[in-house]
Amino acid sequence: MYEKIDNNFLKTYSLYSRESKVNIKDFSVAREFNSINDFINLFPNILAGKDIKEIARKIVDAKKNGKKVVIAMGAHLIKVGLSPIIISLIEKGLLDSIAFNGACTSEDVAKEIKEGTFGMVKETTEFIINAVKKNSDKGLGLSVGKALDEADFPHRDHSILYNAYKYKVPVTVHIAIGTDIIHMHPDFDGAVFGEASHTDFLIFSNIIKELDDGIYINIGSSVILPEVFLKALSMVRNLGYPLKNITTVNMDFKEHYRPLTNVVRRPTLEGGKGYNLIGHHEILLPVLYLLIKYYRENEI
């Protein structure tokens, strides 16, 4: 028979002297629903329930104190119909800058790839290429925003780029050549687009240098924008901007290495706080927007 450990002299202590991780005061308050406040109280002050309320308050406080709020986003927000929320944040003066990767458009890839027609739409390609060639020295984001302002498209009011240009909110576009549909076309000029995207990187970095006590939110970009952010952060710190207190947020429907490392963890090692919210954009972003709107209007 094998020997057993003797646990007869195990030391115990009183439950009443222990500090617990969960307290009743942090529980969800479920009662008759009469107001937005009742809805907010449904979120427990635990884990993500606490985090999303903290993030909303920090965004409101940052803008109240004249600090920067920057959003970096992938195409998925557009594909799931969330452009109006980003546009509303622009209109309310709550966003200081928006960073895109080059994929911020919408197309049914699975349907089109079978026939080799994915990315082959004529009008979109011609419009973007001509817009950038015309104003490449101003950057990709401003070039396309300006072209949209000068055009008369029926649904341009639903365009983030158009509204950002209209309200003078910088949009920067960070491409990796070969990743976007327009890169396949014969009229695409890699030198022109490379120069324009590099201009956007310098514009983006100029905004990041003022991010101390501000908020940086990465939504739905798992590779390019987290890498761009980390390089911009390193460059501006090298230039003498310490950025010791940043609130960073990553929002995505699954956890990825680069956003968790390059957005949430590494930038806040010197101070500040990083948050990681996992869930569907079409649920998380409307909830965050509602919280921001409520805290701002009620000055809570």
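Parameters at a glance
Residues numbered from 1 in each chain as written. Predicted model: local features only at pLDDT ≥ 70, side-chain atom pairs only at ≥ 80, totals over all residues. Heavy atoms only, no water. Pairing = 2+ DSSP bridges. Helix = DSSP H or I, 4+ residues; strand = E, 2+ residues; numbered from the N terminus. Axes fitted to C-alpha atoms, helices over the stretch in contact; angles between N-to-C directions. Contact = heavy atoms within 4.5 Å. Left-handed = near helix turned anticlockwise from the far one by under 90°. Nonpolar A, V, L, I, M, F, W, Y, C, P; charged D, E, K, R; others polar. Salt bridge = Lys/Arg side-chain N within 4 Å of Asp/Glu carboxyl O. Buried < 20%, exposed > 50% of the residue type's maximum accessible area, 1.4 Å probe, protein only. Core = buried A, V, L, I, M, F, W, Y, C linked by side-chain atoms within 4.5 Å.

Considering the sheet that holds strand β3 (residues 171-174)
Taken together, six strands build an open sheet; the order of strands is β3-β2-β1-β4-β5-β6 and the sheet is parallel. Unpaired on one side and paired on the other, β3 and β6 (272-278) mark the two borders of the sheet. The mean angle between the axes of side-by-side strands here comes to 15 degrees, regardless of whether they run parallel or antiparallel. Both strand β2 (residues 97-101) and β3 contribute to a ladder of four bridges, which runs parallel. Each bridged residue has a counterpart across the sheet, and for I98 the counterpart in β3 is V171. Set on the sheet, helix α12 (residues 281-298) makes contact with β4 (215-219), β5 (246-252) and β6; between it and β5 the angle comes to about 145 degrees.

Some words on the environment of L89
Along the chain, L89 turns up in helix α4 (residues 83-91). As a C-alpha pair, L89 and I292 span 203 residues in sequence and 9.5 Å in three-dimensional space. When residues no more than four places from it in sequence are discounted, the contact partners of L89 are I71, L94, L95 and Y289.

Details of the packing of helix α9 (residues 190-208) against helix α10 (residues 224-238)
Viewed as axis vectors pointing N to C, α9 and α10 meet at an angle of 65 degrees, and their least axial separation amounts to 9 Å. Two packed elements cross with a definite hand, and for α9 against α10 that hand is right-handed. For the pair α9 and α10, contact is made by F201, L202, F204, S205 and I208 and by V228, F229, K231, A232, L233, M235 and V236, respectively. Within the contact of α9 with α10, the residues separate by chemical class into 10 nonpolar, one polar and one charged.

A closer look at the pattern of salt bridges
Working definition: two side chains of opposite charge can pair if their charged atoms are close together. Evaluated as defined, the whole model comprises 14 salt bridges. For E227, the salt bridge identified is with K231, shortest N-O distance 2.3 Å. Taken together, the residues span about one helical turn, with E227 and K231 both in helix α10 at a distance of four residues. With relative accessibility at 22%, the residue E227 sits in the partly exposed group.

With respect to the nonpolar core
Counting residues in hydrophobic clusters, the biggest one holds 57 residues, and the most contacted among them are I86, I98, F193, M251 and L285. For this core, the element with the highest residue contribution is α12, accounting for nine residues. Not counting the four nearest positions on each side in its chain, I86 is found in contact with I71, M73, L77, L95, I98, I160 and L285. Counting residues in each nonpolar core, the second largest holds 18 residues, with F204, L225, F229 and I246 among its members.

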